[in-house]
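Topology and contacts: notes
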Amino acid sequence: MTFQNLFTALRAAFPSDLDQTAVETTAPDGQTLRYSWRDLEHASARIANLLASLQLPEGSRVAVQVEKSVEAMVLYLATLRAGYVFLPLNTAYQSGEIEYFVGNAEPAVVVCTPGNFGWVSKIAFTAGTQHVFTLGDDRTGSLLERAAHHAAEHVPAVRGADDLAAILYTSGTTGRSKGAMLTHGNLLSNARVLQDYWGFEPGDVLIHALPIFHVHGLFVAIHAALLNGSKMIWMAKFDPKAVLAAMPRATVFMGVPTLYVRLLAEPGLTKEAAKNMRLFIAGSAPLLIETFTAWQQRTGHTILERYGMSETIMLTSNPYSADARHGGQSERRGSTVGFPLPGVGLRVVDDANRALPVGEIGNIQVQGPNVFKGYWRMPEKTAEEFTADGWFKTGDVGQVDERGYVSIVGRSKDLIISGGYNVYPAEIESAINELPGVAESAVVGVPHPDFGEVGVAVVIARPGAQPEGEAILAALKAQLANFKIPKRCFVATELPRNAMGKVQKNLLRAQYEKLFA
Ligand code: MCA
Ligand code: AMP
């Protein structure tokens, strides 16, 4: 079979009655908006035609930093359709961060919010980008104005399974962010597996409340709905009350653990409120067993936890129903991320890459059609992250039990996952170390009731200087995305070190463990 463009596969799943509602949302002015499948088809064709008219070189990147809207999703679909490479950027990123991504990816097209055009276009034009468009969350901006002049029919560009569809930047423990290159084949194969594994069926309606610049909201959620021809109830921002209000009209919800914690704080979350729901899925960060159990008690539903990465999309999942592939096991077990998905190979090895027996803790390595093609323009980094026999090193530490359930018990990478966003201490430490009066610093993750984990900074002053924690945090806020800012900053006289002189972050973590208890 000739491989299709991912868009073509998603389009083929649209219902035959294109006038049905595909997406329902509330506009910024409070008005309810309904988009039919035909609207998605036409709007993505117009933007794809606009992109095609720019005569961009093959493989051009389209970098997008806009607020969540249905049109932003359509822009993603249009980029696939036109055969270019989508590069989503978190709206929290500040100019220094955007400068790096745009400089590294050299996108041919940049799309930003109308309010950011001044500074974003300056960065983009300096980096050699030819086209900068704007897109507001209220359907304003030059992208839609220009697209309106183009036809509402477009023949999707032919793309092979190995052709790039998207680049997702993911931070590294050392150095700057790396662009994970995902292909049409990676995304489509994973989407098909999930549609089947999670039992998507006619009549499903998805509540979409996640941001669309990362794997969870952009790929897992959107592809699941579109590939099933399912309606989405689309929320520009997560609001627990709005999610509760939508549940009687929906069947599936996906969220990071913080979303479940915030929903549990709503007295209206009851069995009755969740009665129409078929499935609650969690991932991106560890789901505490307390949250898992409380959810069962309050709603009668057992959350299905799964595990994935930007480099691999989804890797493992708890079962949706009794699954012959796992000896008929149907139990969704809290504190585990379930079984490797069909087609995914997963092994646990020691530091010398030797496979470990069942139950032993080690490094998780994976293989499969979902595993990315490599890091953008970083062949050495790519080589470092794969073993000689072709397995990708996830940097996660875990174990597989005798029944085959995988658990993540830690990370070998120095990473904090806060409210589902990744924060790399190395990046924050180097920003702190540049500030006046700072000699050195260490950033560690500590438990937090809302975000699961948050960063805490410990700073050592230069001789004679008296930096203050609050001032350091204020200075960081001007440079870095808000979710990366440590929630507290302490000035200390020294950092605990081992005999090799390495900072003992485990001791700092223990010291501040109860800070937010
Ligand atoms: C906001 N703040 C945060 C976070 N979000 N701080 C730490 N961690 C965060 N995640 C800051 C804000 O800047 C603000 O600080 C203060 O916290 C309060 O903001 P609040 O209004 O409560 O935040 P919010 O706008 O309600 O956002 C919280 C959120 C959001 C809804 C949980 O963070 C979110 O949507 N997270 C989902 C992330 C996600 O989709 N991850 C998937 C990655 P100040 O007042 O000082 O400015 S994909 C992935 O990981 C893999 C592949 C996978 O397996 O899925
Ligand atoms: P990202 O770089 O944003 O793709 O984040 C990927 C990382 O999120 C993984 O390597 C894991 O460390 C973490 N992660 C994703 N899902 C889970 C989960 N269900 N439990 C624990 N960690 C998770």
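Each value, and the rule that gives it
- Residues numbered from 1 in each chain as written.
- Chains lettered and ligands numbered in written order.
- Predicted model: local features only at pLDDT ≥ 70, side-chain atom pairs only at ≥ 80, totals over all residues.
- Heavy atoms only, no water.
- Pairing = 2+ DSSP bridges.
- Helix = DSSP H or I, 4+ residues; strand = E, 2+ residues; numbered from the N terminus.
- Axes fitted to C-alpha atoms, helices over the stretch in contact; angles between N-to-C directions.
- Near = heavy atom within 4 Å.
- Polar contact = N/O pair within 3.5 Å; in protein donor to acceptor, adjacent residues only side chain to side chain.
- Areas by Shrake-Rupley, 256 points an atom, 1.4 Å probe, with all protein chains shown as cover.
- Nonpolar A, V, L, I, M, F, W, Y, C, P; charged D, E, K, R; others polar.
- Core = buried A, V, L, I, M, F, W, Y, C linked by side-chain atoms within 4.5 Å.
- Buried < 20%, exposed > 50% of the residue type's maximum accessible area, 1.4 Å probe, protein only.
- Contact = heavy atoms within 4.5 Å.
- Salt bridge = Lys/Arg side-chain N within 4 Å of Asp/Glu carboxyl O.
- Arc of directions from axis to C-beta.

On to the sheet that holds strand 16 (residues 345–349). Taken together, the four strands give an open sheet; going across it, the order is 16-17-19-20, and neighbouring strands pair in antiparallel fashion. Two strands lie at the open edges of the sheet, namely strand 16 and strand 20 (406–411), each paired on one side alone. Direction aside, the axes of adjacent strands within the sheet are offset by 50° on average. Bridge count between strand 17 (residues 362–367) and strand 19 (residues 392–400): four bridges; the pairing is antiparallel.

Turning our eyes to something else, we now look at the site of ligand 1. Around ligand 1, the surrounding shell holds 25 residues, and the nearest of these are Lys-237, Arg-262, Ser-284, Ser-418 and Lys-487. In this structure, an oxygen atom belonging to ligand 1 sits 3.4 Å away from a main-chain N or O atom of Gly-308. In the environment of ligand 1, an oxygen atom lies 3.1 Å from a nitrogen or oxygen atom belonging to the side chain of Lys-477. Contact with the protein chains hides 76% of the accessible area of ligand 1, taken as 1,000 Å² for the molecule alone. Residue assignment for the shell around ligand 1 shows that the elements contributing at least two residues are helix 8 (215–227), helix 10 (257–264) and strand 13 (304–309). Classifying every residue of the shell around ligand 1 gives 10 nonpolar, 10 polar and five charged.

With that settled, consider the nonpolar core. Judged by nonpolar contacts, the single largest core of 160 residues is most densely connected at Leu-40, Trp-198, Phe-219, Phe-253, Met-254 and Leu-476. Among all residues touching Phe-253, those that are not within four sequence positions of it are Leu-206, Ile-207, Ala-209, Phe-238, Val-243, Leu-259, Tyr-260, Leu-263, Met-277, Leu-279, Phe-280 and Ile-281. Counting 11 residues, the second largest nonpolar core, distinct from the first, contains Ala-442, Val-454, Ile-460 and Phe-516.

As a further point, take the pattern of salt bridges. Scanning the model with the defined rule gives 22 salt bridges in all. Close ionic contact of Lys-373 with Asp-162 constitutes a salt bridge, the shortest N to O distance being 3.5 Å. Residue Lys-373 is found in the loop between strand 17 and strand 18 (374–375), and its partner Asp-162 is found in the loop between helix 6 (142–147) and strand 7 (164–170); the two are separated by 211 residues along the sequence. Residue classification places Lys-373 among the partly exposed residues on the basis of a relative accessible area of 41%. Notably, a salt bridge pairs Lys-505 with Asp-414, separated by 2.8 Å at the nearest N-O pair. One end of the pair, Lys-505, is in helix 15 (residues 505–512); the other, Asp-414, is in the loop between strand 20 and strand 21 (416–418), with 91 residues separating them in the sequence. For Lys-505, a relative accessible area of 14% corresponds to the buried category.

Among the residues making up helix 5 (residues 117–126), those that are buried are Val-120, Ser-121, Ile-123 and Ala-124. Along the axis of helix 5, the buried positions cluster into a sector of 160°, meaning they face one direction only. Residues Gly-118, Lys-122 and Thr-126 are exposed on helix 5 and point more than 90 degrees away from its buried face. In the segment just after helix 5, Gly-128 is the residue with positive phi, at about 95°.

Quick look at the pairing of strand 16 now. Along strand 16, four of the five residues are buried, which leaves the element largely enclosed by surrounding structure. Two strands pair when backbone bridges link them, and strand 16 and strand 17 are joined in this way by five bridges, in the antiparallel orientation. The residue bridging Val-348 from the neighbouring strand is Ile-364, located in strand 17.

For the rest of this paragraph, the subject is the site of ligand 2. Taken together, 16 residues lie near ligand 2, and Arg-306, Ser-310, Asp-396, Lys-413 and Asn-422 sit nearest. Measuring from an oxygen atom of ligand 2, one finds a side-chain N or O atom of Asn-422 at 2.6 Å. When ligand 2 is considered free in solution it has 500 Å² of accessible area, and contact with the protein chains removes 92% of it. It is strand 13 that provides the largest number of residues to the shell around ligand 2, a total of five residues. Class assignment of the residues belonging to the shell around ligand 2 gives a composition of six nonpolar, five polar and five charged.

Keep in mind these values describe shape, not function.
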